[in-house]
Amino acid sequence: MATALESAIPSLGLWPQNPPRKAAFSRTICRRIRRRSLRCSLVGSEQISKPFAEGEYALINALIGIQGRGRAASPAQLKEVERSVKVLENSEGVPNPTGSSLIEGRWQLMFTTRPGTASPIQRTFVGVDYFSVFQEVYLGTADPRVSNIVKFSDAIGELKVEAVASIKDGKRILFQFDRAAFNFRFLPFKVPYPVPFRLLGDEAKGWLDTTYLSQSGSIRISRGNKGTTFVLQKETEPRQRLLSAISSGIEVRKEIDEFLKLNQGVTERELELLEGEWQMIWSSQEETESWMENASKGLMGKQIVRPNGGLKFLADILFGFKFSMSGKYVKSGFNMYDVTMDDAAIVVGPYGIPSEMETKFKIELLYTDEKIRITRGYNKILFIHVRVDGTKEKQFENSIN
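In short, a report on the structure.

What counts, and at which threshold
Sequence order as written defines residue numbering, which begins from 1 separately in each chain. Where local features are concerned, this predicted model is filtered to residues with pLDDT of at least 70; where side-chain atom pairs are given and counted, the filter is 80 or more; whole-chain, interface and lining totals use all residues. The side-chain figures draw on all heavy atoms in the structure; neither hydrogens nor water molecules are used. Each nonpolar core is a collection of buried residues, namely Ala, Val, Leu, Ile, Met, Phe, Trp, Tyr and Cys, held together in the definition by side-chain atoms within 4.5 Å. Relative accessibility thresholds used throughout: buried, under 20% of the residue-type maximum; exposed, over 50%; partly exposed, between the two (1.4 Å probe, protein chains only). We call two residues in contact when some of their heavy atoms are within 4.5 Å. Each helix is a run of H or I in the DSSP string that is no shorter than four residues. Each strand is a run of E no shorter than two, and both are numbered from the N terminus. Here a polar contact means two N or O atoms within 3.5 Å. Within protein one must be a hydrogen donor candidate and the other an acceptor candidate, and residues neighboring in sequence count only if both atoms are side-chain atoms. Strand pairing is defined by DSSP finding a minimum of two bridges between the two strands. Salt bridges, as used here, are contacts in which a Lys or Arg side-chain nitrogen is within 4 Å of a carboxyl oxygen on Asp or Glu. With axes taken as lines fitted to C-alpha atoms, and helix axes fitted only over the stretch in contact, angles between N-to-C directions fall between 0 and 180 degrees. For classification, angles of less than 35 degrees are called roughly parallel, those exceeding 145 degrees roughly antiparallel, those between 65 and 115 degrees roughly perpendicular, and all remaining angles oblique. By definition, any crossing whose near helix is turned counterclockwise from its far helix by less than a right angle is left-handed, and any crossing with a clockwise turn is right-handed. Gly is put with the polar residues, along with every residue not named as nonpolar or charged; the nonpolar set is Ala, Val, Leu, Ile, Met, Phe, Trp, Tyr, Cys and Pro, and the charged set is Asp, Glu, Lys and Arg. The pairing test for Phe, Tyr and Trp rings, Trp by its six-membered ring, is centres within 6.5 Å, and the orientation test on the planes gives stacked under 30 degrees, edge-to-face over 60, and tilted for anything in between. Geometrically, a lysine NZ or arginine CZ counts as sitting over a ring once it is within 6 Å of the ring centre and also within 35 degrees of the ring normal.

1. As for the nonpolar core
Note that soluble globular proteins tend to have their nonpolar side chains buried in a common cluster. Ranked by internal contacts, the top residues of the largest apolar core, which has 42 residues, are Ile256, Trp282, Ile374 and Ile384. In contact with Ile384, not counting residues within four places along its chain, are Leu242, Ile246, Ile256, Gln279, Met280, Ile281, Trp282, Ile372, Arg373 and Ile374.

Structural data, given as C-alpha cells:
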C-alpha cells in the first residue's frame, strides 16, 4: 500500500501497481542506436512577465539538461541544484507563502529528489519528460484543493488526483487525497482512478512546506513530509521554452528561430567553440540507415571539444561497443570553423579497432552559453547540444569578457 511519502505532492505516489510496458526495441541495429533524445525537466510555453532574480536564474541554469526531472541527474548536477535551492531558501522570498495569492494557480514540476520508497509507477510517470506533470494550488476558495496532474499529451488527455487542502501556517499545507480520474480526450466521460482513498486513512494524508516562493510568483520550492524536495515553476526563460519544444517534438524549428531572435545580441558577436562534453539532443535531420555515417557526421552521441583545436565524436553502439572519431577544428571566419575528422575506431573497453574514414565539413556557431549550444554543421543541418560535463562556468564567462 502506498505510504504518505508516495502521496507527497506533487510526486503522485498513489499509482496502480503495474507500470505500462516499455516500447519494444526495433529489430534493426540502426534503429536501436537512434539519436538520443534528451527530454529535459522544463515547463511549457508561458511568457516571462518579470525577469528572474539572480538566484532564481542560477537554479534554472542548474536544471538545464537534467533528464527525468532529476531522475537521471549526475552527482555533479545534483550538487549544483542543491546548492542553488539552499541559496534561494536562505534568501528573501515571499513571507508566509501559503497566505499569498502568488501560490495560487498551476505549477509545473521541474525537478524532484528521489526517495528510496518511491513506487515504480511514480518513477514511470514523473521520470518521463514526454509527460507533463503539474500541481494546481487553490487555497483561497470555498473548497480549497491541491491537485496533481499528469498530462500525457494534448491528444490523449490527463490523470488528475485531487486532495482536500488546508493551511496549517505560513508555510505548511495539509492535504488528503479524496478523488481522482482519467480525462481522455477520445472519451465523453471521465474514467475513475481505481484507488479507494477513503479506505487508506492516514496513508492518503500528507503535508507540504513551501520553503521559497519568488517575489514574481514564477518559482516555488517545496519539501514534502518525508524530506523530498520539489522545484516547480510557472514561467519560463527562453532556453526552457526551446528545450520543452524538443521534449514534445512540436514546432522545434519555430522555437529555434524565436530563440535566436531573442538572443540577437549574442548571435551578432564573435563566439567561441567552448571546451567540454556536449550531448547532441536534437538535429534537423534524422539519421540514415548507417550508424557509422551518423556517428561520423555528429548525428548521434557526444561531441568533445578539446583545447588547441581537438575534436572528438563519441557514440554508444551496442553491448558496450562505442564509435570514436577524432579530428581538428580551425577557425575560418566569423563564427565559422573548418572541421576534419580522420581518426576513427570501434572501441570496446581498452581496445580499439581502427577504421579508415575521413569527413570534412564546416560548423557555424549560431549561439552558445555555458549550458546550451546551437550550430549549423554537416550539410547545413541544425544541431542543439547541451553540456554534460562539469566544466566550470568561468570558461564561458572569460570567453565573453
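2. Quick word on the environment of Lys160
One can find Lys160 in strand S4 (residues 157–167). Spatially, the C-alpha atoms of Lys160 and Ala180 are 5.6 Å apart, while their sequence positions differ by 20 residues. The residues contacting Lys160, other than those within four sequence positions of it, are Glu136, Ser147, Asn148, Ile149, Arg179, Ala180 and Ala181. Looking at Lys160, its side chain comes within polar contact range of the side chain of Glu136, at 3.4 Å.

3. Section: the pairing of strand S16 (residues 359–368)
Extensive coverage of S16 is indicated by the burial of seven of its 10 residues. The pairing of strand S14 (residues 336–348) with S16 spans six bridges and is antiparallel. Residue pairing in the sheet places Met341 in a bridge with Thr359 of S16. As judged from the four bridges shared by S16 and strand S17 (residues 372–376), these two strands associate in the antiparallel manner. Of the residues in S17, the one forming a bridge with Glu364 is Arg376.

4. Some thoughts on the pattern of salt bridges
Scanning the model with the defined rule gives 20 salt bridges in all. In this structure, Lys331 engages Glu270 in a salt bridge whose closest nitrogen and oxygen atoms are separated by 2.6 Å. A residue pair is termed long-range when its members are at least 10 positions apart, and Lys331 in strand S13 (residues 321–333) and Glu270 in the loop between helix H9 (264–267) and strand S10 (276–283) qualify at 61 residues. Residue Glu270 is classed as partly exposed on the basis of its relative accessible area of 36%. The closest approach of N and O atoms between Arg387 and Asp389, which form a salt bridge, is 3.3 Å. Overall, the relative accessible area of 5% leaves Arg387 in the buried class.

5. So, helix H7 (residues 238–248)
Among the 11 residues that make up H7, nine are buried, leaving the element largely enclosed by the rest of the structure. Of the positions making up H7, those classed as buried are Arg239, Gln240, Arg241, Leu242, Leu243, Ser244, Ala245, Ile246 and Ser247. Phi turns positive, to about 75 degrees, at Gly249, one or two residues after H7.

6. Details of helix H3 (residues 54–63)
Among the residues making up H3, those that are buried are Glu56, Leu59, Ile60, Asn61, Ala62 and Leu63. Along its buried surface, H3 packs onto helix H4 (75–89), strand S1 (105–112), strand S7 (205–213), strand S8 (219–224), strand S9 (229–233) and H7. Once H3 ends, the next one or two residues include Gly65, with phi positive near 90 degrees.

7. So, the pairing of S7
As paired elements, strand S5 (residues 172–184) and S7 share five bridges and run antiparallel to each other. By the bridge assignment for S7, Arg172 is matched with Asp209. Of the pairings in the sheet, the one linking S7 to S8 comprises five bridges and is antiparallel in character. Paired with Leu208 across the bridge in S8 is Gly224. Two successive antiparallel strands, S7 and S8, enclose a turn made up of five residues, where Gly217 displays a positive phi of approximately 75 degrees.

8. Quick notes on the packing of H7 against helix H8 (residues 252–262)
It is the contact of H7 with H8, at a shortest axis distance of 9 Å, that shows an interaxial angle of 165 degrees. As far as their axial angle goes, H8 and H7 are roughly antiparallel. Here H7 runs over H8; the crossing is left-handed. Across from Pro238, Arg239, Arg241, Leu242, Ala245 and Ile246 in H7, the residues of H8 making contact are Val252, Glu255, Ile256, Phe259 and Leu262. Residue composition of the contact of H7 with H8, by class: eight nonpolar, no polar and three charged.

9. Concerning the packing of aromatic side chains
Applying the stated criterion across every chain yields a total of 11 aromatic pairs. An angle of 85 degrees between the planes, with centres 6.4 Å apart, marks the rings of Phe361 and Tyr378 as edge-to-face. Pair noted here: Phe361 is in strand S16 and Tyr378 is in the loop between S17 and strand S18 (382–387), with a separation of 17 residues, a long-range link. Residue Phe361 is classed as buried on the basis of its relative accessible area, which comes to 11%. Under the relative-accessibility criterion, Tyr378 is labelled partly exposed at 23%. Grouped by ring-pair contacts, the aromatic residues Phe131, Phe152, Phe182, Phe184, Phe186 and Tyr193 constitute a single cluster. The positively charged end of Arg106 is found above the aromatic ring belonging to Phe134, 4.5 Å away from the centroid.

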